[in-house]
Amino acid sequence: MANSDPFLNEEAPELDISPLIDVAFLLLIYFLVTTTLQKSEADLSLVLPGVEKQDDKEVKIDQMLVHVNQEGVISVNKEAVDSDPNDRELPNLTDRLTRYSASAEIANTQTQVIIDCDKEAVGQRFIDVLNVCAKANIKNVSLAN
Amino acid sequence: MAKESDLFAGQGLKADLSPMIDLVFLLLIFFMVTANIITYPKDPNVIIPLASDAKVPTLVEGRVVLNVYMDGTVKDIDGNTLSIDEVTQRLSQAKGRNPNTRLHLRSHKDVPYKHIQDVSRASAAGGVPTVIFSTYQTGK
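Please read all numbers here as calculations on a predicted model, not as lab measurements. (Residues numbered from 1 in each chain as written. Chains lettered and ligands numbered in written order. Predicted model: local features only at pLDDT ≥ 70, side-chain atom pairs only at ≥ 80, totals over all residues.)

(A) Just the pairing of strand β2 (residues 61-68) of chain A, in detail. All names here are of chain A. In this sheet, strand β5 (residues 110-117) lies alongside β2 in parallel orientation, the contact comprising eight bridges. Bridge pairing links His-67 to Asp-116 in β5. As paired elements, β2 and strand β3 (residues 74-76) share three bridges and run antiparallel to each other. Bridging across to β3, Val-68 finds its partner in Ile-74. The loop that links β2 with its antiparallel partner β3 comprises five residues; one of these, Gly-72, has a positive phi angle of about 95 degrees. (Pairing = 2+ DSSP bridges. Helix = DSSP H or I, 4+ residues; strand = E, 2+ residues; numbered from the N terminus.)

This is the structure:
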């Protein structure tokens, strides 16, 4: 006798995933086409002096002058520390500024680095000094006129 | 005896798509994760300096982006050349609209420092004390 139940004769339900694959392929092609390999840019910030908010309490500021000459030689308080213009890391300046930052913290004074860069020095050298300040956790950096 | 065709009746050849879908999804997730949303156009003619301790920003709101080229020319992101006075004016106007305005300086790595100094002075004159220098991270 034939089975009279209509549900038993039906095929098992299947999920049609082809539209899902279509969408996934379209998104993949979109990202493949629009993606360009680009290095992400990072920030080195500087707050210019003279316009900062003044706190009511008096803060002792211990200044350090960093001079960069036209050739890229870096001097601290008129003493040359890093003379190789191709050296990005500036080990001697890093050491000086790290110790300066640590001693200022112990003495409870505020650090301030003044960068006096020669007008013809290349921008990269100025950024190198700024980078060392960031490395030594010195946030109060200003530019000499 | 059953014929061979009867043994495989109703079992047509089917390609198993699941590994392909897995692969497509993996690629899709890779591109979605690695894609950066371009927040402002970056002029490829300005080769920015390298700095190992710079931080990749998470917030770029309130920035006025200026490009400083090798010859000292200052241009905004639309490519309009600006004089130093116009930089001051532009930043002053931006400060009026948004008090949290910051100058985002994309200066060429070999530009003489005097041009950076000029734009920084113009920024201070326009009431925008924060200058952010764009750099590429290195060694990380």
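(B) Spatial organisation of the sheet that holds β3(A). All names here are of chain A. In space, the five strands of this open sheet follow the order β4-β3-β2-β5-β6, with mixed pairing throughout. In this open sheet, the two edge strands, each paired with only one partner strand, are β4 (79-82) and β6 (141-143). On average, each strand axis in the sheet is tilted by 30 degrees relative to the strand beside it, whichever way the strands run. Relative to β4, β3 runs antiparallel, the two sharing three bridges. Directly across from Ile-74, in β4, lies its bridge partner Asp-82. (Axes fitted to C-alpha atoms, helices over the stretch in contact; angles between N-to-C directions.)

(C) Up close: the confidence of the model for chain B. On average, residues of chain B carry a pLDDT of 84, and 89% of them reach 70 or more. Interface confidence in the predicted complex, given as ipTM, is 0.72; pTM for the same model is 0.72. (pLDDT = per-residue confidence, 0-100.)

(D) How the structure looks around the interface of chain A and chain B. Counting from both sides, the interface comprises 37 residues of chain A and, opposite them, 43 residues of chain B. Counting residues per element, the ones that place at least two in the side of chain A that touches chain B are α2 (18-34), β1 (41-47) and α4 (123-135) of chain A. Counting residues per element, the side of chain A that touches chain B draws most heavily on α4(A), which supplies eight residues. Direction of pairing for β1(A) relative to strand β5 (residues 130-136) of chain B: antiparallel, over a ladder of seven bridges. Each bridged residue has a counterpart across the sheet, and for A:Leu44 the counterpart in β5(B) is B:Phe133. (Contact = placed C-beta atoms within 7 Å.)

(E) Seen up close, the environment of A:Leu44. Residue and element names in this part refer to chain A. Along the chain, the position of Leu-44 falls in strand β1. A count of 21 C-beta atoms within 10 Å places Leu-44 in the buried class. A sequence separation of 29 residues divides Leu-44 from Leu-15, and the C-alpha atoms of the two residues are 53 Å apart. (Buried ≥ 20, exposed ≤ 12 C-beta atoms within 10 Å, placed from the backbone.)

(F) View of α4(A). Residues and elements named next belong to chain A. Between its first and last C-alpha, α4 extends 18 Å over 13 residues, near the 18 Å set by a 1.5 Å rise per residue. The element α4 is extensively covered by neighbouring structure, given that twelve of its 13 residues are classed as buried. By the burial criterion, the buried members of α4 are Gly-123, Gln-124, Arg-125, Phe-126, Ile-127, Asp-128, Val-129, Leu-130, Asn-131, Val-132, Cys-133 and Ala-134. Looking at the residues trailing α4, positive phi occurs at Asn-137, about 60 degrees. (Expected span 1.5 Å × (residues − 1).)

(G) Fine view of the nonpolar core. If you look at the biggest cluster of nonpolar residues, it comprises 45 residues, and the most contacted ones within it are A:Phe126, A:Val129, A:Leu130, A:Cys133 and B:Leu66. Looking at this core element by element, the count peaks at seven residues for α4(A). Among all residues touching A:Val129, those that are not within four sequence positions of it are A:Val66, A:Val68, A:Ile74 and A:Ile115. (Core = buried A, V, L, I, M, F, W, Y, C linked by C-beta atoms within 7 Å.)

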